[in-house]
Amino acid sequence: MVTPAHRREAVAHLETAHGMSERRACRIAGVDRASVRYQRTRPDDAELRARIKALAHERRRFGYRRLYVLLRREGRLVNKKRVQRIYQEERLMVRRRGGRKRALGLRAPMAAPDRPNACWSLDFVHDQMTDGRRFRVLAIVDNCTRECLALIADTSISGVRVARELDRIIAWRGRPTAVTSDNGTELTSNAILKWADERGVGWQYIQPGKPQQNAYSESFNGRLRDELLNETLFRSLPHARLALAAWRDDYNHHRPHGKLDWLTPAAYAARWAKNEELEGRPLGAFDDDRTPVPAE
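Below: a short report on this structure. (Residues numbered from 1 in each chain as written. Predicted model: local features only at pLDDT ≥ 70, side-chain atom pairs only at ≥ 80, totals over all residues. Heavy atoms only, no water.)

One pass over the structure, following the stated rule, counts 8 aromatic pairs. Relative to W272, the ring of Y268 lies with its centre 6.3 Å away and its plane at 50°, an arrangement referred to as tilted. A residue pair is termed a helical-turn pair when its members lie 3 or 4 positions apart in one helix, as Y268 and W272 do in helix α11 (residues 265–278) at 4 residues. According to the relative accessible area criterion, W272 is buried, its value standing at 19%. Of the aromatic side chains, those joined through ring pairs into one cluster are W195, W203 and Y205. (Phe/Tyr/Trp six-rings, centres within 6.5 Å; stacked < 30°, edge-to-face > 60°. Helix = DSSP H or I, 4+ residues; strand = E, 2+ residues; numbered from the N terminus. Buried < 20%, exposed > 50% of the residue type's maximum accessible area, 1.4 Å probe, protein only.)

Laid out in structure tokens, this is it:
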């Protein structure tokens, strides 16, 4: 008998099976009478428990912290420890998938981006469809706001295609100061080198075999694979593109981000723009005639 509940059961058994009084049963079982007479006052968690289970089923790779943020968004005034307790009682814990061993070594600290468009990260993610055909996904992320700027899926993506997609993003967002990527053949091609020189963008290549130098992109790729690619069977390339577009919209506008004070990337970018405007330094500067100046 370890827990108070087990001791209360033992006292009840002595009373019913052997006809003992409560005082004598408590003395034999070594239980305080106040503990036996205790009536729990904890409110019924049935509704909250059902909602947590529904959210966990919908967001199968979310832990209790992100579920807590989603519950608070819904207006539920619930304590985080209460959410954690129900989460553990229902055995909703996310199981970590096994991964390859990584080499240990010293990690040089990365400079944190100080504003949006200061640095973008590029990387490729691979997957396959149900018929065995493989495809690639080009992921582009803003390191400051953590926004996913694009998820381009195709069976083959050349350096010319990468440059064209970057121009498309620049047309509505503005030019980045720098871009970080690995040393893949598409990203070291003459088309990319020419594009970076013509646009005045500093292209930063990480050292071979050191993906941690592109940590923002690696972290995003992990979330993409864990929450979408490993959870979805893609029937065709159009199906993959639709799923990627829906996930990107959810990631930017609905998914709380732990490194952004549990804001979404879009909400964090909006708050950043508002702060810049209040400080008199809007992201899109104006000249003396109050004419909008195109972003660099």
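From this point, the narrative continues.
With that out of the way, let us pick up the packing of helix α4 (residues 46–58) against helix α5 (residues 64–73). Any two packed helices are characterised by how steeply their axes cross, that is the angle between the axes, and by the distance between the axes. Relative orientation of the contacting elements α4 and α5 amounts to 120°, with a least axis distance of 11 Å. You can see that α4 and α5 cross each other, and the crossing is right-handed. Residues L48, R51, I52, L55 and A56 of α4 form the contact with α5, whose participating residues are L67, L70 and L71. Tallied by class, the residues present in the contact of α4 with α5 amount to 7 nonpolar, no polar and 1 charged. (Axes fitted to C-alpha atoms, helices over the stretch in contact; angles between N-to-C directions. Left-handed = near helix turned anticlockwise from the far one by under 90°. Contact = heavy atoms within 4.5 Å. Nonpolar A, V, L, I, M, F, W, Y, C, P; charged D, E, K, R; others polar.)

As a further point, take the pattern of salt bridges. Side-chain pairs of opposite charge can arise where the charged atoms are in close proximity. Taken as a whole and judged by the stated rule, the model has 24 salt bridges. Across the salt bridge formed by R85 and E89, the nearest N and O atoms sit 3.5 Å from each other. Here R85 pairs with E89, and both are found in helix α6 (residues 80–89), just 4 residues apart, close to one helical turn. Close ionic contact of E165 with R161 constitutes a salt bridge, the shortest N to O distance being 3.0 Å. (Salt bridge = Lys/Arg side-chain N within 4 Å of Asp/Glu carboxyl O.)

Contact geometry for α5 and α6: axes closest at 9 Å, N-to-C directions at 125°. Judged by the angle between their axes, α5 and α6 are oblique. For the pair α5 and α6, the crossing hand works out as right-handed. Here α5 contributes Y64, L67, Y68 and L71 to the contact with α6, which in turn contributes K80, V83, Q84 and Y87. Looking at the contact of α5 with α6 residue by residue, the classes come out as 6 nonpolar, 1 polar and 1 charged. (Parallel < 35°, antiparallel > 145°, perpendicular 65-115°, else oblique.)

This part covers the pairing of strand β4 (residues 178–181). With burial as the criterion, each face of β4 is covered, one bearing A178 and T180 and the other bearing V179 and S181. As paired strands, strand β1 (residues 119–128) and β4 are joined by 3 bridges and run parallel to one another. Counterpart to C119 in the pairing with β4 is A178. By the bridge criterion, 4 bridges tie β4 to strand β5 (residues 202–205) in an arrangement that is parallel. The partner of T180 across the bridge, within β5, is Q204. What joins β4 to β5 is helix α8 (residues 190–199), and the crossover it makes is right-handed. (Pairing = 2+ DSSP bridges. Right-handed = clockwise from strand over helix to strand, strands pointing away.)

Our focus in this paragraph is the nonpolar core. Counting 21 residues, the largest nonpolar core has L122, I140, V162 and W203 as the members making the most contacts within it. Elements represented by at least two residues in this core include exactly β1, β2 (134–142), β3 (148–154), α7 (159–173) and α8. The contacts of V162, once residues within four sequence positions are left out, are L122, F124, L138, I157, L187 and I192. Formed by 20 residues, the second largest nonpolar core is a distinct cluster that contains M129, A139, L151 and A240. (Core = buried A, V, L, I, M, F, W, Y, C linked by side-chain atoms within 4.5 Å.)

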